[in-house]
Structure formats: structure tokens, C-alpha cells
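Here is what each chain is made of, one letter per residue.
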Amino acid sequence: MDKREMQYIYQDGDGYVFMDTENFDQITIGKEWAEELMIYMKEGKNAQVVFYEGKPISLELPATVELKVTNTEPSVKGATAAAQYKPATLETGLKITVPPFVGIGEMVAIDTRTGEYLSRAK
């Protein structure tokens, strides 16, 4: 087994194209086993791809990613994190819940293992 740092370049019809950050080789990872993970990935971001006998078999995302909020209810002035959470859609299409003070256009940190909001991105 071999693990390589690879950069997500773009989505192709049948999969997702990644480029090796060392030798610039490109591979396509099939939608059938990577699609649910790709909701956390933006073009230009890195992930670990695990290979077995030269073929990609697994995709390991970073523990957290930063994504932009593209749709949510308006921010509530004076709201605190202890208040009720509200639904939000992020730039990759991921749907999560965020605290009421988070607004459209803000960057948020997401835990890729649970899909949960962690904090505003700095």
C-alpha cells in the first residue's frame, strides 16, 4: 500500500480528477466510492489517496475543512452559540446546522468525520 498527497483538480463525468503533488501525475477516482466524501472537497484542496498495486482504493480527507456558507437564514444580532442552530448550505452543497450568528458568505470549519460545524474559520 502507498499513500500519496494529491490535489483535487476537477470533477469529470465519471469521477473526480486528482493530481499527485510531487510528480503531477493525474488519476480519476470513481464516483461510486468517493462521491459522499467529495461533498467536503473544493477544487485545489489536498487529500490523501491510498493506492494498492498502483490503483487508488481509498480517499482520506483532512480532519477539518473550511467552506463558505452560501445559504442560511439571516444572522440574529446578539445571538449566542447556546441558542438554537439553524440550517445552512455550504459551497459544495453540504447541508449542516450552524449557530444563529453565522451568515451567508462566512467561512466555517467542518469536521469531515462527523459533518458537523466546528467554528467560524479564521
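Look up a bit, the structure's there.
The written sequence of each chain sets the order in which its residues are numbered from 1. Where totals are concerned, whole chains, interfaces and linings use all residues; where local detail is concerned, this predicted model gives features only for residues with pLDDT of at least 70, and gives and counts side-chain atom pairs only at 80 or more. Calculation of side-chain values draws on the structure's entire complement of heavy atoms; hydrogens and water are dropped beforehand.

### Quick word on the overall build of the protein chain
- Strands are runs of DSSP state E lasting at least 2 residues, helices are runs of H or I lasting at least 4, and numbering of each runs from the N terminus. In terms of regular secondary structure, the protein chain is built from one helix and ten strands.
- When its helices and strands are written in sequence order, the protein chain yields β-β-β-α-β-β-β-β-β-β-β.
- Each principal axis of the C-alpha atoms in the protein chain carries an extent, and together these give about 55 × 25 × 25 Å.
- Relative accessibility under 20% of the residue-type maximum defines a buried residue, over 50% an exposed one, and the middle range a partly exposed one, all with a 1.4 Å probe and only protein chains included. Within the protein chain, the fraction of its 122 residues that count as buried is 36%.
- A contact between two residues is defined here by any heavy atoms of the two lying within 4.5 Å. Pairs at least 24 apart in sequence give 43% of the contacts found in the protein chain among residues at least 6 apart.
- Residue burial considers only the protein chains on display, and all accessible areas are found by Shrake-Rupley using a 1.4 Å probe. Surface exposure of the protein chain reaches about 7300 Å², of which carbon and sulfur atoms provide 48%.
- Here Asp and Glu are counted as negative and Lys and Arg as positive; His is not counted, and neither are the chain ends. Where a charge lies is defined by one atom per residue type, namely NZ (Lys), CZ (Arg), CG (Asp) and CD (Glu). Side-chain charges in the protein chain split into 13 positive and 19 negative, and the spacing between the mean points of these groups amounts to 10 Å.

### Overview of the nonpolar core
- The biggest cluster of nonpolar side chains holds 27 residues, and the ones touching the most others in it are F18, M38, V49, L59, L90, I96 and I110.
- Put simply, the parts of the chain that give this core at least two residues each are β1 (2–12), β2 (15–20), β3 (26–30), β4 (46–52), β6 (64–72), β7 (86–90), β8 (95–98) and β9 (107–111).
- Not counting the four nearest positions on each side in its chain, I96 is found in contact with K86, P87, A88, L90, I110, G115 and Y117. We define the nonpolar core as a collection of buried residues of types Ala, Val, Leu, Ile, Met, Phe, Trp, Tyr and Cys that are connected through side-chain atoms lying within 4.5 Å of one another.

### A few points about the pattern of salt bridges
- Salt bridges are counted wherever a side-chain nitrogen of Lys or Arg sits within 4 Å of a carboxyl oxygen of Asp or Glu. Counting across every chain of the model gives six salt bridges.
- The salt bridge involving K3 is made with E60; its shortest N-O contact spans 2.9 Å. Remark: E60 occurs in strand β5 (residues 55–60) and K3 occurs in strand β1; sequence separation between them is 57 residues.
- Judged by its relative accessible area of 47%, K3 is partly exposed.
- A relative accessible area of 33% places E60 in the partly exposed class.

### Quick notes on the pairing of β6
- Note on pairing: two strands pair once DSSP finds at least 2 bridges between them. In this sheet, β9 lies alongside β6 in antiparallel orientation, the contact comprising five bridges. The partner of T64 across the bridge, within β9, is D111.
- Direction of pairing for β6 relative to β7: antiparallel, over a ladder of three bridges. Pairing of N71 across the sheet is with T89, part of β7.

### Remarks on the pairing of β1
- With six bridges connecting them, β1 and β4 associate as antiparallel partners. Paired with Q7 across the two strands is N46, which belongs to β4.
- For β1 and β2, the ladder comprises six bridges, and the chain directions are antiparallel. The partner of D12 across the bridge, within β2, is G15.

### As for the environment of E5
- For E5, the location among the structural elements is in strand β1.
- Overall, E5 belongs to the partly exposed group, its relative accessible area being 32%.
- C-alpha of E5 to C-alpha of Y52: the two residues are 47 residues apart in sequence and 15 Å apart in space.
- Here E5 is in contact with M19, D20, T21, N46, A47 and Q48, once residues within four sequence places are set aside.
- Within the structure, the side chain of E5 is placed 3.1 Å from the side chain of N46, a separation counted as a polar contact. Under this definition, polar contacts are N or O atom pairs within 3.5 Å; protein pairs additionally need one hydrogen-donor-capable and one acceptor-capable atom, and for neighbouring residues in sequence, both atoms have to be side-chain atoms.

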